[in-house]
Protein chains: 2
Amino acid sequence: MTDSWANPAPDPPAASGADLLLELHGPGLRAGLTDALREAVRNGRLAAGTRLPSSRSLAVDLGVARNTVANAYAELIAEGWLTARQGSGTRVARRATPRRAASPASGDTPTRGRPTYGLLPGSPNLAEFPRTQWLAAARRALTAAPHDAFGYGDALGRVELRTALADYLPRARGVYATPERVVVCSGFQHGLTLVARVLRGRRVRAVAVESYGFGVYRDVLTGAGLRTPPLYVDECGARTDDLARLPGVGAVLLTPAHQYPTGVALRPDRRAAAVDWARASGGLILEDDYDGEFRYDRQPVGALQGLDPERVVYFGTASKSLAPGLRLAWMVLPEELVPEIEAAKGHIDWASSLEQLTLAEFISSGAYDRHLRAMRLRYRRRRDQLVAALAQRAPGIRVTGVAAGLQVLLELPRGTERSVVEAAAARGLAVRGMAQFRYEVADSGWRLPEQDALVVNYAAPPDSAWAGALDALCRVMP
Amino acid sequence: MTDSWANPAPDPPAASGADLLLELHGPGLRAGLTDALREAVRNGRLAAGTRLPSSRSLAVDLGVARNTVANAYAELIAEGWLTARQGSGTRVARRATPRRAASPASGDTPTRGRPTYGLLPGSPNLAEFPRTQWLAAARRALTAAPHDAFGYGDALGRVELRTALADYLPRARGVYATPERVVVCSGFQHGLTLVARVLRGRRVRAVAVESYGFGVYRDVLTGAGLRTPPLYVDECGARTDDLARLPGVGAVLLTPAHQYPTGVALRPDRRAAAVDWARASGGLILEDDYDGEFRYDRQPVGALQGLDPERVVYFGTASKSLAPGLRLAWMVLPEELVPEIEAAKGHIDWASSLEQLTLAEFISSGAYDRHLRAMRLRYRRRRDQLVAALAQRAPGIRVTGVAAGLQVLLELPRGTERSVVEAAAARGLAVRGMAQFRYEVADSGWRLPEQDALVVNYAAPPDSAWAGALDALCRVMP
């Protein structure tokens, strides 16, 4: 799962209204405010990522109507200068700033404004990327490649990689796959964008999503013109039995193996209900199997896709198993969807053929399985250490979800989430509160429980930082 | 320039109406025909790339109204089973077919149905990809990379590559570039898609395009909701002085250094007229500098972008200078466009960070310049050999355009283009006729001259095939 908001980029403090010395000029108040804000972003006075004051508080500071500020914000969001995201307020967009390359040594070194310990969800342990084995695979792949591997590729992706995945996925994830159903894409977000476009082209109006999840993916769907009614998630996963009661829903986006970010596994009857719904309604299940390789307490449950390959789009990715920087993910499609996805791709391959050939070689040579085995052991040990440390030092904190994946949910006492996140930040610990993963709408007939929680990525820190991160985490627990 | 139609993929012969044994069933004739055609594609009886008979001739064969066939075709095009392209008729879409990896040796070996000599435009000489130097750069880049290079990257692209390009492009192409204006994308088509989306978001309604060009790019623009009025191209390039007379045009897509595919260079006063128009109208120039590195008779003319970096979007690519398979291209943007392009990218990097780091290292180490120098010599020698051979063996054929790039235009006697392309195909020679690059509309007030011509890519064949290709080309000249 991509979590670009979970990047190790610094998270500048919120700008207070008082800091925002805006020179209002221009004919109208709104235009003047818009111009002043735009100029402040352009000349760098408002840095990328800076959180702006709420429209209410800036309006009070400036002595203007709240709508004037809200409209100015809306305009600058439309222009791309600002971004707004539920739960995170209005921020200066991450635009180009002239940054020089970091030196190799600086990877783990805390710099000013940068958290010392990054436990934000979304990333595997980047320090463990198997550089040597990857280079060896690249050398073998590049040496053996036919000349035409350097040309414009098959729009579905290199056949070598699709063949390797069609061998690996059935074996490792119970996916029904043949090379002609596998389509390579540049990350899950790319794949979801393609599927969303195809669904919209088929006149689908809505795609149900889980009531906890990553907002960017909802944005991808709404950006394609689809509504995203939420499906209630409880301790058994998404209530797929409610699908039939959601009007106009043509597909559902699920994380069955390991709900993101609550960490629960979809109960078998809920899996069956999803497939039954898809068959009865002609709908599609979009199965985001972002970390299905990592299960620690038992053999991983096979992908839902195996139940009905013609009704499930399976999404897998190298972003958790290897590294997000590869920008390689894959879909296994119902056969009838392949031509439409190819058309949505613009009939061209998007991912580097050399990188695809390298991953194909990496998988075929067994290096992928070895890497996954090694990482499974490491991540499992980290999770055990986390659970043990909390049990001893913060026994009131409940660790929920199945033993799997890269992150864990820590349930906090009511009303403490925000202060814990802030206390963590003060100790250089970047963690994510549950608030921004919640997704509910007024007319759904239910409300999510008021559960304060932290989503903690125990996989990400390099070994050298893990003990410190764990200690800091325990210290900020209420 | 991407030319996915110029792939070395086989071009199956047109299916005659008689071959198309369709079983019509279903309630209505049209539905029955649609189903029968879909089924024929699905079960592989109609292979990918197969050209279907014209709707007129199939209607006659089946004894149905022409509109019935045309409507069935339109439906299947909308569904993604068929594709239609001006000048190339209706074809079966290139959908997934289970193809096994070609063995390394087979790269240059003619196979059944595959042309012996591929002179289709769009690809550099893939046999000359500098594998060893590329691997060496990958090793250095991967060894030196900070850990976070494997994470979710900067949406604008790796800063190392943007910095290397900001050094290279001013030096080699006269581009005004700073790292914060450079945005990496996955090929020109990706970049154009992003810019088209931003233009549409700015309420631009039309982007003027050259009256000769690659239809896929027009499709990208129209797909974003933009009209594409043509700009007349003569022997001095596009008539940019006409821009002011085209209503509602907010941008113009140009190939100033080497018009594609006529090969002419944009005359200085036309370059100035384009910039004047952009300044006066607030419009943008989209400069596709697809092969600007390759000029053989003089120093290359600098990019138009240098004239006004705030009014020109410069596009460069590794697809011609190195290999399309890398899927790496770059834009240099007017500063104010950067945040909108970042938003259009979905705030994520799309290209592999390892590949980007490798290219950055390849450029910084001087290997890129060395490779370009070597290829310039080779391509120039090929072009000289082609011109000399034609002068001797087909003196009636005129070679037009400046001595640059990878392809050349051969002017043919009136009415011979089609038969020459067919005669070439019979000798295993894949060449492209000018017809499918022509773009005119009824209400433009002008018509393109009825010039028969071939677009010949002399760069693409491997050395072992070049003498044979040249001989075959001379033989089919009228």
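Residues numbered from 1 in each chain as written. Chains lettered and ligands numbered in written order. Predicted model: local features only at pLDDT ≥ 70, side-chain atom pairs only at ≥ 80, totals over all residues. Heavy atoms only, no water.

**Q** What should I look at first to understand the overall build of chain A in this one?
**A** From N to C terminus, chain A includes 14 helices and 17 strands. When contacts within chain A are restricted to residue pairs at least 6 apart in sequence, those whose partners lie at least 24 apart make up 74%. Here chain A displays about 18100 Å² of accessible surface, and carbon together with sulfur accounts for 51% of that area. (Helix = DSSP H or I, 4+ residues; strand = E, 2+ residues; numbered from the N terminus. Contact = heavy atoms within 4.5 Å. Areas by Shrake-Rupley, 256 points an atom, 1.4 Å probe, with all protein chains shown as cover.)

**Q** How should the packing of aromatic side chains be read in this particular structure?
**A** To describe a pair of aromatic rings, one takes the distance between the centres and the angle between the planes. All chains considered together, the criterion is met by 25 aromatic pairs over all chains. When the centroid spacing of 4.4 Å and the interplanar angle of 15° are considered together, the rings of Phe-129 of chain A and Phe-150 of chain B count as stacked. Here Phe-129 of chain A, found in the loop between strand 3 (117–118) and helix 4 (131–144), pairs with Phe-150 of chain B, found in the loop between helix 4 (131–144) and helix 5 (159–173), and the two come from separate chains. The exposure class of Phe-129 of chain A is buried, given its relative accessible area of 4%. Judged by its relative accessible area of 0%, Phe-150 of chain B falls in the buried class. Judged by centre distance (4.8 Å) and plane angle (75°), the rings of Tyr-232 of chain B and Trp-446 of chain B are edge-to-face. Separated by 214 residues along the polypeptide, Tyr-232 of chain B in the loop between strand 6 (230–231) and strand 7 (233–234) and Trp-446 of chain B in the loop between strand 16 (432–433) and strand 17 (453–457) bring together distant segments of the chain. Here Tyr-232 of chain B matches Trp-446 of chain B in class, with each residue buried. Over the ring of Tyr-439 of chain A we find Arg-218 of chain A, and its NZ or CZ is 3.9 Å from the ring centre. (Phe/Tyr/Trp six-rings, centres within 6.5 Å; stacked < 30°, edge-to-face > 60°. Buried < 20%, exposed > 50% of the residue type's maximum accessible area, 1.4 Å probe, protein only. Lys NZ or Arg CZ within 6 Å of the ring centre and 35° of its normal.)

**Q** Hey, could you run me through helix 11 (residues 353–364) of chain A in this one?
**A** An α-helix turns once per 3.6 residues; consequently, residues spaced three or four apart project the same way. Residue and element names in this part refer to chain A. The end-to-end C-alpha distance of helix 11 is 16 Å, a good match for the 16 Å that 12 residues give at a rise of 1.5 Å each. Of all 12 residues making up helix 11, 10 are buried, and the element is well covered by its neighbours. Among the residues of helix 11, those classed as buried are Ser-353, Leu-354, Glu-355, Gln-356, Leu-357, Thr-358, Leu-359, Ala-360, Phe-362 and Ile-363. The opening residue of helix 11 is Ser-352, an N-cap whose side-chain oxygen sits 3.2 Å from the backbone nitrogen of Leu-354. A positive backbone phi angle near 90° is found at Gly-366, which sits one or two residues after helix 11. (Expected span 1.5 Å × (residues − 1). Polar contact = N/O pair within 3.5 Å; in protein donor to acceptor, adjacent residues only side chain to side chain.)

**Q** In this structure, what is going on with helix 8 (residues 268–281) of chain A? I would like to understand it.
**A** Residue and element names in this part refer to chain A. For helix 8, spanning 14 residues, the distance from its first C-alpha to its last is 20 Å, which sits close to the expected 20 Å at 1.5 Å a residue. Here helix 8 has its buried residues at Arg-270, Arg-271, Ala-273, Ala-274, Val-275, Trp-277 and Ala-278. In this fold, the buried residues of helix 8 make contact with strand 7 (233–234), strand 8 (237–238), strand 9 (249–254) and strand 10 (284–288). Where helix 8 terminates, the next one or two residues include Gly-282, which has phi positive at roughly 75°.

**Q** Looking at this structure, I do not really get the environment of Gln-133 of chain A. What am I missing?
**A** Residue and element names in this part refer to chain A. Residue placement: Gln-133 occurs in helix 4. Looking at Gln-133, the relative accessible area reads 43%, which means it is partly exposed. Along the primary structure Gln-133 and Ala-367 are separated by 234 residues, whereas in three dimensions their C-alpha atoms are 7.2 Å apart.

**Q** Would you mind going over the domain arrangement of chain A with me for this structure?
**A** Think of interface size as the accessible area that goes away when the parts come together; that is how it is often given. Looking at the assigned domains, one finds that chain A contains domain 1 (29–92), domain 2 (130–365) and domain 3 (370–476). Its C-alpha centre places domain 1 of chain A at a distance of 37 Å from the equivalent point of domain 2 of chain A. (Domains from an automatic or database assignment.)

**Q** Whenever I open this one, the pattern of salt bridges confuses me. Can you help?
**A** Opposite charge on two side chains permits them to pair, given that their charged atoms come into close proximity. Residue and element names in this part refer to chain B. On inspection of all chains with the given rule, the structure shows 50 salt bridges over all chains. For Asp-384, the salt bridge goes to Arg-380, with nearest N and O atoms at 3.9 Å. Of this pair, Asp-384 and Arg-380 both sit in helix 12 (residues 367–393), separated by 4 residues, roughly a single helical turn. Look at Asp-384 and you get partly exposed, because its relative accessible area is 44%. (Salt bridge = Lys/Arg side-chain N within 4 Å of Asp/Glu carboxyl O.)

**Q** Looking at this model, I keep getting lost on the packing of helix 5 of chain B against helix 11 (residues 353–364) of chain B. Mind explaining?
**A** Axes are the key here: two packed helices are described by the angle between their axes and the distance separating the axes. All names here are of chain B. In contact at an axis separation of 8 Å, helix 5 and helix 11 are set at 30° when each is read in the N-to-C sense. Taken as axis vectors, helix 5 and helix 11 run roughly parallel relative to one another. For the element pair helix 5 and helix 11, the recorded crossing hand is left-handed. Between helix 5 and helix 11, the contacting residues are Glu-160, Leu-161, Ala-164, Leu-165 and Tyr-168 on the first element and Gln-356, Leu-357, Leu-359, Ala-360, Ile-363 and Ser-364 on the second. Looking at side-chain class alone, the contact of helix 5 with helix 11 contains 8 nonpolar, 2 polar and 1 charged residues. (Axes fitted to C-alpha atoms, helices over the stretch in contact; angles between N-to-C directions. Parallel < 35°, antiparallel > 145°, perpendicular 65-115°, else oblique. Left-handed = near helix turned anticlockwise from the far one by under 90°. Nonpolar A, V, L, I, M, F, W, Y, C, P; charged D, E, K, R; others polar.)

**Q** Hey, could you run me through unusual backbone geometry in this one?
**A** Outside of glycine, negative phi angles account for most residues, and trans bonds account for most peptide bonds. Residue and element names in this part refer to chain A. Look at the link from Tyr-260 to Pro-261: it is a cis peptide, with omega at 0°. If you trace the backbone, Pro-261 turns up in the loop between strand 9 and helix 8. The phi dihedral of Arg-203 falls on the positive side, at around 70°, and the residue is not glycine. Here Arg-203 shows up in the loop between helix 6 (188–201) and strand 5 (206–210).

**Q** Would you mind going over the packing of helix 4 of chain B against helix 11 of chain B with me for this structure?
**A** Residues and elements named next belong to chain B. Orientation of helix 4 relative to helix 11, taken along the N-to-C sense of each, is 110°, at an axis distance of 8 Å. By the criterion of interaxial angle, the relationship of helix 4 to helix 11 is roughly perpendicular. In this structure, the crossing between helix 4 and helix 11 has a hand that is right-handed. On helix 11, the residues that touch Gln-133, Trp-134, Ala-137, Ala-138, Arg-140, Ala-141 and Leu-142 of helix 4 are Leu-354, Glu-355, Leu-357, Thr-358, Leu-359, Glu-361 and Phe-362. Here the contact of helix 4 with helix 11 is built from residues that sort into 9 nonpolar, 2 polar and 3 charged.

**Q** Just checking my understanding: could you explain the sheet that holds strand 4 (residues 182–185) of chain B for this structure?
**A** Where strands meet in a sheet, backbone hydrogen bonds hold them as pairs that are either parallel or antiparallel. Residues and elements named next belong to chain B. A sheet is described by the order of its strands in space; here 7 strands give the open sequence 4-12-11-10-9-5-6, paired in mixed fashion. Because the sheet does not close on itself, it has two edges, and the strands there are strand 4 and strand 6. Inspection of the sheet shows strand 4 paired to strand 12 (residues 329–332) by 4 bridges, in the antiparallel sense. Across the sheet, the residue bridging to Val-182 is Val-332, located in strand 12. (Pairing = 2+ DSSP bridges.)

**Q** Explain the confidence of the model for chain A here, please?
**A** For residues with low pLDDT, the predicted coordinates do not support detailed interpretation. All names here are of chain A. Of the residues in chain A, 87% reach a pLDDT of 70 or more, and the chain-wide mean stands at 87. Contacts for the low-pLDDT stretch residues 1–19, under 50 throughout, to residues beyond four places or in other chains number 57 contacts. The model gives residues 95–112 a pLDDT under 50, and that stretch makes 32 contacts with residues more than four places away or in other chains. Of the two predicted TM-score estimates for the complex, the pTM is 0.78 and the ipTM is 0.77. (pLDDT = per-residue confidence, 0-100.)

**Q** What's the story with the sheet that holds strand 14 (residues 407–411) of chain B in this structure? I'm lost.
**A** Residues and elements named next belong to chain B. Spatial strand order, 13-14-17-16: 4 strands in an open sheet with antiparallel pairing. The sheet terminates laterally at strand 13 (398–400) and strand 16, the two strands that pair on one side only. The sheet contact formed by strand 14 and strand 17 spans 5 bridges and is antiparallel. By the bridge assignment, Leu-410 is partnered in strand 17 with Leu-454.

**Q** How should the environment of Ala-351 of chain B be read in this particular structure?
**A** Mapped onto the elements of the fold, Ala-351 of chain B is located in the loop between helix 10 (338–344) and helix 11. With 166 residues separating them in the primary sequence, Ala-351 of chain B and Cys-185 of chain B have C-alpha atoms 6.6 Å apart. Among all residues touching Ala-351 of chain B, those that are not within four sequence positions of it are Gly-325 and Arg-327 of chain A together with Val-184, Ser-186, Leu-328 and Gln-356 of chain B.

**Q** What am I meant to see in the side chain of Thr-416 of chain A here?
**A** All names here are of chain A. In this structure, Thr-416 sits in the loop between strand 14 (407–411) and helix 13 (417–426). Polar contacts involving the side chain of Thr-416 include one to the main-chain carbonyl oxygen of Pro-413, which spans 2.6 Å. In this structure Thr-416 touches Asp-452 and Pro-478, once residues within four positions along its chain are discounted.

**Q** Would you mind going over the pairing of strand 11 (residues 312–317) of chain A with me for this structure?
**A** Looking down a regular strand, the side chains alternate between one sheet face and the other. All names here are of chain A. The buried fraction of strand 11 amounts to 6 of the 6 residues, a majority that puts the element mostly inside the structure. Residues Val-312, Tyr-314 and Gly-316 line one face of strand 11 and the alternating positions Val-313, Phe-315 and Thr-317 line the opposite face, and both faces are buried. Here strand 10 runs beside strand 11; their pairing, made up of 4 bridges, is parallel. Residue Ile-285 lies in a different strand from strand 11, and its bridge partner there is Val-312.

**Q** Looking at this structure, how should I read the state of the cysteines?
**A** A covalent bond between the sulfur atoms of two cysteines is referred to as a disulfide. Summed over the entire model, instances satisfying the criterion amount to 0 disulfides over all chains. Cysteine Cys-185 of chain B remains unbridged, with the sulfur of Cys-185 of chain A as its closest cysteine sulfur at 18 Å. (Disulfide = S-S within 2.5 Å.)

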